[in-house]
Every structure is written in structure tokens, then in C-alpha cells.
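Descriptive structure summary
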Amino acid sequence: HMVWIPLRQINPGMKFISLKGITSLLAVFFILAGCSNYGLEVEKIDPDFYILPGEGGNSGVLIGDSVILIIDTKMKQGAERFHRWVMDRAEGKRIVVVNTHIHKDHTGGNHYYENAEIVAGDYGSQFWLQNNAREDMPNRWLVDTMHLDVGGEIVTIQNIGQAHTFDDVVVYLRNRKTIFTGDLVLNGYHPY
């Protein structure tokens, strides 16, 4: 059963268009309007550094010559779209994921990064499994501080202990003078 929609007002030379035709036109429009971002908001800070707000926790991506640093992996459909966006840029590079804290809106996409090093505060497996899925569990518990060179950017990842949760991690990009605080600093919002 086909539905026909008159288009006389739009183009007098064209009498009708099928619903299938409209669907095809909309598909082309959405592809041209930003499929490379998969419906995500992307703020390009410089050629190698991106902020992707919303869809769970705000995420950061730093792309180096041989490694990609991902800060917080979002949740649900946002996590899946974020993963596709990252993989479009990964080009076989090593991936390091940092979770700023244990909440699912920051960790819910970890399972998409199967071969990545996934770093989180020193929550331990038992506490992690009370709050998250096993498939999203990190493979490195950070007790204190680690440093990473990502394309000449010196990244400091530090467990600051109890704050928003009891093992929060902050990520500092030294050259860019940028810090990711997870939910330690909230702009225009005060949690209960």
C-alpha cells in the first residue's frame, strides 16, 4: 500500500511523490547534514583535540600519532555513537580510555573498546560490579598518578581520592592547560 502526497505547491511540474521517495530524500539530507558526527555534538578545539558534550558524561578525545586518549565513554545509544565516531579516527592506533569516576554515564561505553587500556580510580572489582556491568570494567586500577605522551601532549592522570565518588580521577593536558574533572565541577548545576 503506497501513500501519495501532492506536491503542487512545492513544484508545479511534479504532481506527486511517494512516501518511499520522501524517505529517500530525508535519508540523503541526514547523511549530508552530519553523518560523520553520528548525531553527536562535537566541538573541535584544535586539529587533534575534541570535546563531545552530553549523551551521558561530557567526553574528551585527544588524537596522537600512535595513541588516542578517550576521557569518559558516555552511556546507552550515546556511547555506541561515540564509539563509531572514535573508530572513524582511530586508524589502528592504540586506545587508552580514562573513566573520571564510576557512574554509568561516564563508563557505560567501556565495553566498545575491547582491546583498549581502560583506566579508572582504585574502586576494585567488587565495588565496580555493584555499580556497573562486568563488560564495562576497567583493566587498570589507578592508585596514584600516571603520565602519558599523546602526540607531544603530556597527559597527567591522577587519582585524587574521595570527592564526587571515593576514587575520582582527573585528567590534565599540560600543553593545552586543560583539565577534565568528571563531575567534580559542574557549570550552572548543583547536584542534590
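To keep things clear, this report deals only with the structure shown in the data block. (Residues numbered from 1 in each chain as written. Predicted model: local features only at pLDDT ≥ 70, side-chain atom pairs only at ≥ 80, totals over all residues. Heavy atoms only, no water.)

A look at the packing of aromatic side chains
Applying the stated criterion across every chain yields a total of 7 aromatic pairs. On the basis of an interplanar angle of 75° and a centroid distance of 5.1 Å, the ring pair of Tyr-50 and Trp-85 is categorised as edge-to-face. Here the residue Tyr-50 occupies a position in strand S4 (residues 49-52), and Trp-85 occupies one in helix H2 (residues 76-90), the gap between them amounting to 35 residues. Through successive ring pairs, a cluster of aromatic residues spans Tyr-123, Phe-127, Trp-128, Trp-141 and Phe-166. (Phe/Tyr/Trp six-rings, centres within 6.5 Å; stacked < 30°, edge-to-face > 60°. Helix = DSSP H or I, 4+ residues; strand = E, 2+ residues; numbered from the N terminus.)

Some points on the nonpolar core
Leu-69, Val-155, Ile-157, Val-171 and Leu-173 are the most contacted members of the largest nonpolar core, which has 19 residues in total. At the level of secondary structure, the elements contributing two or more residues to this core comprise S4, strand S6 (67-71), strand S7 (94-98), strand S10 (145-150), strand S11 (153-161) and strand S12 (168-173). Apart from the residues within four sequence positions on either side, Val-155 is in contact with Leu-62, Leu-69, Met-146, His-147, Leu-148, Val-150, Val-171, Tyr-172 and Leu-173. (Core = buried A, V, L, I, M, F, W, Y, C linked by side-chain atoms within 4.5 Å. Buried < 20%, exposed > 50% of the residue type's maximum accessible area, 1.4 Å probe, protein only. Contact = heavy atoms within 4.5 Å.)

Details of the pattern of salt bridges
Within the structure shown, the criterion is met by 6 salt bridges. A salt bridge links Glu-55 to Arg-81, with the shortest nitrogen-to-oxygen separation between them at 2.4 Å. Separated by 26 residues along the polypeptide, Glu-55 in the loop between S4 and strand S5 (59-63) and Arg-81 in helix H2 bring together distant segments of the chain. What makes Glu-55 partly exposed here is its relative accessible area of 34%. Between Arg-176 and Glu-153 there is a salt bridge, with the nearest N and O atoms lying 2.9 Å from each other. Separated by 23 residues along the polypeptide, Arg-176 in the loop between S12 and strand S13 (178-180) and Glu-153 in strand S11 bring together distant segments of the chain. Judged by relative accessible area, which is 1%, Glu-153 ranks as buried. Among the charged side chains, a salt-bridge network with shared partners connects Asp-46, Glu-153 and Arg-176. (Salt bridge = Lys/Arg side-chain N within 4 Å of Asp/Glu carboxyl O.)

Brief notes about the environment of Gly-121
In this fold, Gly-121 is placed in strand S8 (residues 117-121). Given the relative accessible area of 0%, Gly-121 is considered buried. Not counting the four nearest positions on each side in its chain, Gly-121 is found in contact with Trp-141, Leu-142, Asn-159, Asp-167 and Val-169.

A short note on the environment of Gly-56
By the secondary structure assignment, Gly-56 is in the loop between S4 and S5. Between the alpha carbons of Gly-56 and Met-75 there is a distance of 5.4 Å; along the sequence they are 19 residues apart. For Gly-56, the contacting residues outside a window of four places in its chain are Met-75 and Asp-105.

Distances and angles like these do not, on their own, reveal function.
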